[in-house]
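Now for the letters of each chain:
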Amino acid sequence: MADTAVFNARNIEEFRANHGQLGGGFAGAPVLLLHTVGARTGAARVNPMMYLADGGRYLVFASKAGSDRNPDWYYNLLAHPEVSIEVGDDVVAVEAVELRGAERDTAFAEQARRYPGFAGYQRKTQRVIPVVALIPTGAGRASTDRTERTSS
């Protein structure tokens, strides 16, 4: 857990210093910072993650690298779906909606085609990896406390 927190903190710092761009294994990949509220704790959380642009939506994938358990941020979104994201230098208010059925399957297949690691994650677990659409609410620019804790 501590290793994940350190990894996320480094990526968040790099993301913000480079206007939404990361290097290393994420070089060239679309990455956003997802701000959530802890489902049990109510604490502010922020997680860097890859996304798939889908029209005006941002699709994120609860892969947790193929773990048999969904990531904490997924449960946070179920409990508190009105959140914000950082994309590049912009902060956007969004509502999280889980995709189901064929829409979910099509989105996951496209992400796996573009980034084959996602297909590997699905092979590693018995669960169906959730896909969540982050839909801008038009509520304007959300304010973000950039000192929020990171979480996996």
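Above this text sits the structure in question.
Now for a description of the structure that goes with this document.

1. Structural notes on the overall build of the protein
Line of reasoning, step 1. Regarding its fold elements, the protein presents four helices and eight strands.
Line of reasoning, step 2. Every one of the 152 residues in the protein was classed for burial, and the buried ones make up 45%.
Line of reasoning, step 3. If you take every contact in the protein between residues at least 6 apart in sequence, the share linking residues at least 24 apart comes to 67%.
Line of reasoning, step 4. For the protein, the computed accessible surface area is about 7900 Å², with 51% contributed by carbon and sulfur atoms.

2. Some thoughts on the environment of A29
Line of reasoning, step 1. Position of A29 relative to the elements: it lies in the loop between α1 (2-17) and β1 (31-37).
Line of reasoning, step 2. With a relative accessible area of 9%, A29 lands in the buried category.
Line of reasoning, step 3. Every residue in contact with A29, bar those within four places of it in the chain, is listed here: M50 and Y115.

3. Some thoughts on the layout of surface pockets
Line of reasoning, step 1. Its volume calculated, the largest pocket comes out at about 640 Å³.
Line of reasoning, step 2. Contributing to the lining of the largest pocket are 25 residues, with P48, M49, S63, K64 and A65 lying nearest its centre.
Line of reasoning, step 3. Counting only elements with at least two residues in the lining of the largest pocket, the list comes to α1, β2 (44-50) and α4 (117-124).
Line of reasoning, step 4. Class assignment of the residues belonging to the lining of the largest pocket gives a composition of 15 nonpolar, nine polar and one charged.

4. Focus: the pattern of salt bridges
Line of reasoning, step 1. Counted under the stated rule, the structure contains eight salt bridges.
Line of reasoning, step 2. Linking E86 and R16 is a salt bridge whose minimum nitrogen-to-oxygen distance equals 2.6 Å. Of this pair, E86 sits in strand β5 (residues 82-87) while R16 sits in helix α1, and the two are 70 residues apart along the sequence.
Line of reasoning, step 3. Linking D72 and R69 is a salt bridge whose minimum nitrogen-to-oxygen distance equals 3.0 Å.
Line of reasoning, step 4. Residue R69 is classed as partly exposed on the basis of its relative accessible area, which comes to 40%.

5. Concerning the nonpolar core
Nonpolar side chains tend toward joint burial in soluble globular proteins.
Line of reasoning, step 1. Membership of the largest hydrophobic core comes to 19 residues, with the highest contact counts inside it found for V31, L59, F61, L99, F108, F118 and V131.
Line of reasoning, step 2. Elements supplying a minimum of two residues to this core: α1, β1, β2, β4 (57-61), α3 (101-114) and β7 (131-141).
Line of reasoning, step 3. In terms of residue count, the dominant contributor to this core is α3 (three residues).

6. Brief notes about unusual backbone geometry
Only a minority of non-glycine residues have a phi that is not negative, and only a minority of peptide bonds are not trans.
Line of reasoning, step 1. You will see that H19, though not glycine, has its phi angle at about 55 degrees, which is positive.
Line of reasoning, step 2. Looking at where H19 falls in the secondary structure, it is placed in the loop between α1 and β1.
Line of reasoning, step 3. A positive phi angle is found at K64, which is not glycine, with a value near 45 degrees.

7. Focus on the pairing of β1
Line of reasoning, step 1. Across the seven residues that make up β1, a large majority, six, are buried.
Line of reasoning, step 2. Summarising the sheet, β1 and β2 pair through seven bridges and their orientation is antiparallel. The partner of T36 across the bridge, within β2, is R45.
Line of reasoning, step 3. Taken together, β1 and the strand that follows it, β2, pair antiparallel across an intervening segment of six residues, in which G42 is found at a positive phi of about 75 degrees.
Line of reasoning, step 4. The pairing of β1 with β5 spans three bridges and is classified as antiparallel. Residue pairing in the sheet places H35 in a bridge with S84 of β5.

About the cut-offs
Residues numbered from 1 in each chain as written. Predicted model: local features only at pLDDT ≥ 70, side-chain atom pairs only at ≥ 80, totals over all residues. Heavy atoms only, no water. Helix = DSSP H or I, 4+ residues; strand = E, 2+ residues; numbered from the N terminus. Buried < 20%, exposed > 50% of the residue type's maximum accessible area, 1.4 Å probe, protein only. Contact = heavy atoms within 4.5 Å. Areas by Shrake-Rupley, 256 points an atom, 1.4 Å probe, with all protein chains shown as cover. 1 Å grid on protein atoms, 1.4 Å probe; cavity = no way out; pocket = protein on both sides within 12 Å on 5 of 7 lines; lining within 4 Å. Points joined across faces, edges and corners; volume = space filled by probe spheres on them. Nonpolar A, V, L, I, M, F, W, Y, C, P; charged D, E, K, R; others polar. Salt bridge = Lys/Arg side-chain N within 4 Å of Asp/Glu carboxyl O. Core = buried A, V, L, I, M, F, W, Y, C linked by side-chain atoms within 4.5 Å. Pairing = 2+ DSSP bridges.

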